[in-house]
Amino acid sequence: MEMSTELWGTARKWVGPREIVPKRAPHLGSVLRTLCSTKIIRAENAQHQGTQLKLMLTLLGNQKAVFKPQWYSRSKVIGGPVYAGKDRHNAEVAAFHLSILLGLRRSPLTVGRKVNLRREVMPVATNDLLETFYQEGNNTCFYGVCYFCGPNQPVCAQKDVMEGALVLWLPSKYKLKKHRSPWQRTYKSHTVARWEVDDDYCMRVKAMKLYDPNTGPRLLDLIDAAIFDFLIDNGDRHHYDVFENVTNSMVLLLDNGKGFGNPHRDHLDILAPLYQCCVLRKSTWDRLQLFSGNALSTSLEALLHHSHIAPVLTSLHLKALDRRLLFVFATVEMCFEQHGRKKVLVYDAVR
């Protein structure tokens, strides 16, 4: 217990206004391994008002973590709009590792974990959660409590073993504040948002004090997030989170479960903040270029190889990453042609 408590304390100290994991984190592997294996001492519904089924687990050492269960097989292709389907647990795992690769260390620590529901969860579950468990043939199922949760929307284990993503809870001293994204979708098939039709939309965004690039890093953070979301095909960041009452807080890369749904499609409009504003941190551009020539997929695959739920992504999703990176390169080159390299790349001291 002392070892796990010490590691949780280390992970809490890592979190700051501009990063969740520091550039140099020699104990990262130990923290991730502990997150994969430490005993669960309490299980409860993560949030009664949320839209997705999640469990809030308390681990030995009094560390909280959110468990997002597996809904789909790795090969399942999610059709429909970019935000369709339930959260993909493997997307959360892959997104965390991708954020580390890209130097966008703003995603909470996330691992894949398999839990035995009968041995590890049910004995320590709260009554309101336990009431939603039942047996379906040889499989243990539950439906939890949330906005869309109910007996008609259960998730079932393979016998008693449930695979999922386990996301380390952020330190309690940091309170999250949610903002509506300027590039939010309408979520209506016959209604377009203003950003989809207004050629001068970015100028309107930059006219707002919050997004004025001369007063803070928020716009550049959103462009970093847009590139990240495009690579994983997450078109569902309708709101974003920052730390409340923290000067120049980063835009956190939370809730990445809508990524990696369809490896055959590239939703270019996720890149709207980039191609409409045509500004980008030079540090982000330099980092992206390191992964040209299919290096992004091979690097991420190597990182994910040791996951407890490997293989995390199919080869089609890995290939899609490399293909989408080429679209990012082409978009930035287009901005260079239109505005000149010096106006596009920003030497931002707040990384």
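Residues numbered from 1 in each chain as written. Predicted model: local features only at pLDDT ≥ 70, side-chain atom pairs only at ≥ 80, totals over all residues. Heavy atoms only, no water.

- Looking at an unreviewed UniProt entry, one finds the protein named Glycosaminoglycan xylosylkinase and attributed to Cryptotermes secundus.
- Within the UniProt record for the protein, the comment given under Cofactor (unreviewed entry) is "Mn(2+)". (UniProt positions renumbered as here; feature names shortened; annotations may be inferred.)

**Some details on unusual backbone geometry**
The general pattern is negative phi for most residues beyond glycine and trans for most peptide bonds.
Phase 1: Here alanine 310 and proline 311 are connected by a cis peptide whose omega angle stands at -5 degrees.
Phase 2: For proline 311, the position within the fold is in the loop between helix H10 (295-304) and helix H11 (315-339).
Phase 3: Backbone geometry at asparagine 62 places phi at a positive 65 degrees, although glycine is not the residue there.
Phase 4: The exposed category is assigned to asparagine 62, whose relative accessible area is 61%.
Phase 5: A positive phi angle, near 60 degrees, is found at asparagine 245, a position not held by glycine. (Helix = DSSP H or I, 4+ residues; strand = E, 2+ residues; numbered from the N terminus. Buried < 20%, exposed > 50% of the residue type's maximum accessible area, 1.4 Å probe, protein only.)

**Side note on the UniProt feature "binding site: ATP" (unreviewed entry) in the protein**
Phase 1: Residues given the UniProt feature "binding site: ATP" (unreviewed entry) here are Gln52, Lys68 and Asp255. A maximum C-alpha distance of 10.6 Å is found for the annotated residues, which run over 204 residues; spatially they form one tight group.
Phase 2: Note that glutamine 52 resides in the loop between strand S1 (40-45) and strand S2 (55-59).
Phase 3: Of the residues examined, glutamine 52 reaches a relative accessible area of 17% and is grouped as buried.
Phase 4: Take aspartate 255: it is sitting in the loop between strand S10 (239-243) and helix H8 (272-277).
Phase 5: Excluding residues within four positions of it along the chain, aspartate 255 makes contact with Lys54, Lys68, Glu92 and Asn234.
Phase 6: Side chain to side chain, aspartate 255 and lysine 68 meet in a polar contact 3.2 Å long. (Contact = heavy atoms within 4.5 Å. Polar contact = N/O pair within 3.5 Å; in protein donor to acceptor, adjacent residues only side chain to side chain.)

**Remarks on the domain arrangement of the protein**
Phase 1: Per the domain assignment, the segments making up the protein are domain 1 (1-168) and domain 2 (176-346).
Phase 2: With centres defined by C-alpha atoms, the gap from domain 1 to domain 2 works out at 24 Å.
Phase 3: Summed over the shared surface of domain 1 and domain 2, the result is four salt bridges.
Phase 4: Note that arginine 106 and aspartate 224 form a salt bridge whose closest N and O atoms lie 3.2 Å from each other.
Phase 5: The interface formed by domain 1 and domain 2 holds 21 residue pairs in polar contact (both at pLDDT 80 or more) in total.
Phase 6: When contributions to the side of domain 1 that touches domain 2 are tallied by element, the ones reaching two or more residues are helix H3 (89-101) and strand S4 (110-116). (Domains from an automatic or database assignment. Salt bridge = Lys/Arg side-chain N within 4 Å of Asp/Glu carboxyl O.)

**Here's the deal with the UniProt feature "binding site: Mn(2+)" (unreviewed entry) in the protein**
Phase 1: Within this numbering scheme, the UniProt entry marks Asp87 and Asp255 as carrying the feature "binding site: Mn(2+)" (unreviewed entry). Annotated residues spanning 169 residues; largest pairwise C-alpha distance 8.6 Å, indicating a single compact cluster.
Phase 2: Residues within four places of aspartate 87 in sequence aside, it is in contact with Gln52, Lys68, Trp71, Tyr72, Gly257 and Lys258.

**Regarding the state of the cysteines**
In a disulfide, the sulfur atoms of two cysteines are covalently bonded to one another.
Phase 1: Using the criterion set out here, one finds four disulfides in the structure.
Phase 2: Here cysteine 141 engages in a disulfide with cysteine 156; their sulfurs sit 2.0 Å apart. Judged by the torsion about the S-S bond (105 degrees), the cysteine 141/cysteine 156 disulfide is right-handed. Here cysteine 156 lies in strand S7 (residues 155-156) and cysteine 141 lies in strand S6 (residues 139-142), a separation of 15 residues in the sequence.
Phase 3: Residue classification places cysteine 156 among the partly exposed residues on the basis of a relative accessible area of 28%.
Phase 4: Once the bonded cysteines of the protein are numbered in order along the sequence, the disulfide links fall as 1-4, 2-3, 5-6, 7-8. (Disulfide = S-S within 2.5 Å.)

**So, the sheet that holds strand S3 (residues 63-69)**
What holds strands together in a sheet is hydrogen bonding between their backbones, with the strands either parallel or antiparallel.
Phase 1: A sheet is described by the order of its strands in space; here five strands give the open sequence S1-S2-S3-S8-S4, paired in antiparallel fashion. In this open sheet, the two edge strands, each paired with only one partner strand, are S1 and S4. With direction set aside, neighbouring strand axes in the sheet form an average angle of 35 degrees.
Phase 2: Note: S4 against strand S8 (residues 161-168), seven bridges, orientation antiparallel. For asparagine 116, the partnering residue across the bridge sits in S8 and is valine 161.
Phase 3: Contacts between helix H2 (residues 28-37) and the sheet are confined to S2, S3, S4 and S8, with S4 contributing the most and set at about 25 degrees to the helix.
Phase 4: Seen against the sheet, H3 touches S3, S4 and S8 and runs at an angle of roughly 145 degrees to S4. (Pairing = 2+ DSSP bridges. Axes fitted to C-alpha atoms, helices over the stretch in contact; angles between N-to-C directions.)

**Considering the sheet that holds S6**
Phase 1: With antiparallel pairing, the three strands of this open sheet are ordered in space as S5-S6-S7. Of all the strands in the sheet, just strand S5 (133-136) and S7 have a single pairing partner and so form its edges.
Phase 2: Direction of pairing for S6 relative to S7: antiparallel, over a ladder of two bridges. Looking across to S7, one finds that phenylalanine 142 is bridged to valine 155.

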